[in-house]
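# Tertiary structure, described
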Amino acid sequence: MTENGDLAKSVSAALSEVLKPVGFRKRANSFNRTADDGLVHHVSVQLGSYDPSGKHAVPGLVPDLHGRYRVNLGVHVPAMSRMGSPRSTLINDYNCQLRWGLGDFMPGGFDQWWDLRDRLSVEEVSQVLARRALPHLDHFSSADRVLDAYNEQGPRAFGPITPKAAALDVADLLLARNRIEEARRLLATYVESVRRGDHAGHKEYLREYLAERGFEALWQPLQ
């Protein structure tokens, strides 16, 4: 294992002290916890990429992240199956429909990367995780709580990197819970937003999505 790999392992071990007592299981640098309705809460340590040429780092704009790490958090909702099912039982960051970085729970809400060699950073990470991030994940304890958050905040409830088509994921969740008319109304609103906006490359995908779910009639405004 590389030096950075060893350091990341020690960071993960420190986070285990916060995460295991509240139900998370560890695999490598990732942690999963199962909630109601099959939801999975995810936390992971992500290492900055190694760029020996240095050509991708731009001082003041694109930092060199080698030797640094960030902490990812997310919620995987199985009924939101639009992008396919995970290939393993371990839920990774990219499997989550709701996603945040730990920096989102700090003043300023910026993309925070910590130095792997800075032991004090582990204390900060652990504190922010325990006091701010985990209570936020606790809000998403069931499918209904996910829907409530979306109804209150819209796509913003799913984190700062929520895909623009998050409404389609929510519609799938409504359909899975047999809330057909709510799904129809949400999709009709989304179709109208696509019709008004510049979404030419998205229209064919949306047409197929609607057809697969029996809502072909909602496609008519896009003709």
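Check the entry above for the structure.
One structure accompanies this document, and this report is about it. If you're wondering where the values come from, they're calculated on a predicted model, not measured in any experiment.

Conventions and cut-offs
- Residues numbered from 1 in each chain as written.
- Predicted model: local features only at pLDDT ≥ 70, side-chain atom pairs only at ≥ 80, totals over all residues.
- Heavy atoms only, no water.
- Buried < 20%, exposed > 50% of the residue type's maximum accessible area, 1.4 Å probe, protein only.
- Helix = DSSP H or I, 4+ residues; strand = E, 2+ residues; numbered from the N terminus.
- Pairing = 2+ DSSP bridges.
- Axes fitted to C-alpha atoms, helices over the stretch in contact; angles between N-to-C directions.
- Parallel < 35°, antiparallel > 145°, perpendicular 65-115°, else oblique.
- Left-handed = near helix turned anticlockwise from the far one by under 90°.
- Contact = heavy atoms within 4.5 Å.
- Nonpolar A, V, L, I, M, F, W, Y, C, P; charged D, E, K, R; others polar.
- Polar contact = N/O pair within 3.5 Å; in protein donor to acceptor, adjacent residues only side chain to side chain.

So, on to the pairing of strand β4 (residues 68-76). For β4, a buried count of 8 out of 9 residues is recorded, marking the element as mostly surrounded by other parts of the structure. Direction of pairing for strand β3 (residues 40-47) relative to β4: antiparallel, over a ladder of 8 bridges. Looking across to β4, one finds that V45 is bridged to V71. Pairing of β4 with strand β6 (residues 114-115) involves 2 bridges; the strand directions are antiparallel. Residue pairing for β6: Y69 is matched across the bridge by W114. Sheet topology places β4 next to strand β5 (residues 98-101); 4 bridges connect them, and they run antiparallel. Across the sheet, L73 pairs through a bridge with W100, a residue of β5.

Close contact between helix α4 (residues 166-176) and helix α5 (residues 180-196) brings their axes to 8 Å; oriented N to C, the two are set at 165°. Looking at the two axes, α4 sits roughly antiparallel to α5. In this structure, the crossing between α4 and α5 has a hand that is left-handed. Between α4 and α5, the contacting residues are A167, L168, V170, A171, L174 and L175 on the first element and I180, E182, A183, L186, L187 and Y190 on the second. Classifying every residue of the contact of α4 with α5 by side-chain character gives 11 nonpolar, no polar and 1 charged.

Now for the side chain of H41. Looking at the secondary structure, you find H41 in strand β3. Polar side-chain contacts of H41 include one of 2.8 Å to the backbone oxygen of F140. Residues in contact with H41, not counting those within four places in the same chain, are F24, F31, N32, R33, A35, G74, V75, L137 and F140.

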